[in-house]
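Below are the chains, spelled out letter by letter.
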There are 2 protein chains.
Amino acid sequence: MIFKFLIRNRSVFLYGISLAILLLFIKWLEWRLIVIDYTIELYVGAIAVIFTGLGIWLAKKLTQPRTNTLVIEKQVLVKTEHFVLNEAEVTRLRLSKRELEVLQLMAEGLSNLQIADRLFLSLDTIKTHSSKIFEKLEVQRRTQAVEMARKLNIIS
Amino acid sequence: MIFKFLIRNRSVFLYGISLAILLLFIKWLEWRLIVIDYTIELYVGAIAVIFTGLGIWLAKKLTQPRTNTLVIEKQVLVKTEHFVLNEAEVTRLRLSKRELEVLQLMAEGLSNLQIADRLFLSLDTIKTHSSKIFEKLEVQRRTQAVEMARKLNIIS
DNA sequence: ATTTCCCTCATACTTTAGGGTGATTTGAAT
DNA sequence: ATTCAAATCACCCTAAAGTATGAGGGAAAT
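It should be emphasised that the depicted structure is a prediction, and the values quoted were computed from it without experimental measurement.

K.L.:
Quick rundown of the protein's contact with DNA strand D? Include the residues and the values.
P.N.:
Around DNA strand D sit 18 residues in total, of which Ser96, Arg98 and Ser122 of chain A together with Lys127 and Arg142 of chain B are the nearest. Backbone atoms, meaning sugar and phosphate, make up 73% of the atoms of DNA strand D lying within 4 Å of the protein. Between DNA strand D and the protein, one listed contact pairs a base oxygen with a side-chain N or O atom of Lys127 of chain B at 2.9 Å. Elements that contribute at least two residues to the surface near DNA strand D include exactly helix H5 (97-107) and helix H7 (123-137) of chain A together with helix H7 (123-137) of chain B. No other element matches the four residues that H7 of chain A contributes to the surface near DNA strand D. The residue makeup of the surface near DNA strand D, split by class, is two nonpolar, nine polar and seven charged.

Pasting the structure below:
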């Protein structure tokens, strides 16, 4: 119990012990002064040296180290994950939600029929959407549409 | 001359002055001890306090500031990533130079006829190349081929 | 010398894509 | 209430894409 306490507060404990020893040393010096006729200058010198040391030690102990924050920019290659839909372009081009959806599937390489099946719509509907998309993107073919959409960041 | 020297070594000069003043103060205390019958304990205490302070000041003055360098890695997204052809995939898929060329133009949204014109070939040749490409990429349509090629990094 | 692959082109045929037009319904805005 | 855009679907027609097959020349490897 007591040991654990001592270990936990080792620093404080050591400081106390040190002070006690120091006081004893001073007292001993004092005794020496009385018994033997030492000069007072020597005594004062010793005190000065000891407490200068103590001051230095205290300063080192008390001042927390300064922290230099060093920010290193680490370059990370990011593939596709960082896609953010370019809302501005979508609104500028007046692409509807459905059209964007079709465009997305188009970019995945699906045929119109596959897109129709996927969205539970008729082939003709997808054709209509496709035409609208091409019109709005000012392209002629689906491959161009995908290319354009990728460039404008309106598909992932 | 002398002034410049003093300015340059201001720290040392100040330290010397301080010590001189301190010694004077000690001497004055000594004088006080002789004249008036002060207790030696008070004298020692004063010395202790003064030199503890001196120690702290010295420590602060002399030791270079301790610094903990905290390294923070900041991730920076680099999206430039100028295209590097994945040679390994190209050889693995046994794509010929011509096929890669056609695939590239295909990805740019050109029709087979446009590709033919661009490469000074007949439409049928491009169709043959296209078929071969689809076969090797294991896809059915050009859009899928482009998608796959992009994924495999064999086109820019 | 033979094989193999690439590149080229051709014919015939099927499938898919795309253009044009029009109609209906629904929901939101004016 | 009317207008407007979005979404849906249909029909017709043309263009483009894709499949299958074959064939000939050339270059490189075995």
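Now that the structure has been shown, we can carry on.
K.L.:
An account of the side chain of Thr143 of chain A is requested, with residue identities and associated values reported.
P.N.:
By the secondary structure assignment, Thr143 of chain A is in helix H8 (residues 142-151). In this view, Thr143 of chain A contacts Met106, Gly109, Arg142 and Thr143 of chain B; residues no more than four positions away in its chain are not counted.

K.L.:
Quick rundown of helix H6 (residues 112-119) of chain B? Include the residues and the values.
P.N.:
Residue and element names in this part refer to chain B. Within H6, burial applies to Asn112, Ile115, Ala116 and Leu119. The buried residues of H6 all sit within an arc of 100 degrees when viewed along its axis, so they share a single face. Along its buried surface, H6 packs onto helix H5 (97-107), H7 and helix H8 (142-151). Phi turns positive, to about 55 degrees, at Phe120, one or two residues after H6.

K.L.:
Break down the confidence of the model for chain A for me, with residues and values.
P.N.:
Residues and elements named next belong to chain A. When pLDDT is averaged along chain A, the result is 74; 53% of the residues meet or exceed 70. A low-confidence stretch, residues 1-13 stays under pLDDT 50, and its non-local contacts, those more than four residues away or across chains, total two contacts. Confidence over residues 76-80 falls short of pLDDT 50; this stretch has eleven contacts with residues more than four positions distant or in other chains.

K.L.:
I'd like to hear about the packing of H5 of chain B against H6 of chain B, residue by residue, with values.
P.N.:
A packed helix pair is summarised by two numbers, namely the angle formed by the two axes and the spacing between the axes. Residues and elements named next belong to chain B. Between H5 and H6, the shortest axis-to-axis distance is 10 Å and the interhelical angle comes to 125 degrees. In terms of their interaxial angle, H5 and H6 are classed as oblique. When the axes of H5 and H6 are compared, the crossing they make is right-handed. Residues Arg98, Glu101, Val102, Leu105 and Met106 of H5 touch H6, and the partners they reach there are Ile115, Arg118 and Leu119. Tallied by class, residues from the contact of H5 with H6 come to five nonpolar, no polar and three charged.

The rules behind the values
- Residues numbered from 1 in each chain as written.
- Chains lettered and ligands numbered in written order.
- Predicted model: local features only at pLDDT ≥ 70, side-chain atom pairs only at ≥ 80, totals over all residues.
- Heavy atoms only, no water.
- Near = heavy atom within 4 Å.
- Polar contact = N/O pair within 3.5 Å; in protein donor to acceptor, adjacent residues only side chain to side chain.
- Helix = DSSP H or I, 4+ residues; strand = E, 2+ residues; numbered from the N terminus.
- Nonpolar A, V, L, I, M, F, W, Y, C, P; charged D, E, K, R; others polar.
- Contact = heavy atoms within 4.5 Å.
- Buried < 20%, exposed > 50% of the residue type's maximum accessible area, 1.4 Å probe, protein only.
- Arc of directions from axis to C-beta.
- pLDDT = per-residue confidence, 0-100.
- Axes fitted to C-alpha atoms, helices over the stretch in contact; angles between N-to-C directions.
- Parallel < 35°, antiparallel > 145°, perpendicular 65-115°, else oblique.
- Left-handed = near helix turned anticlockwise from the far one by under 90°.

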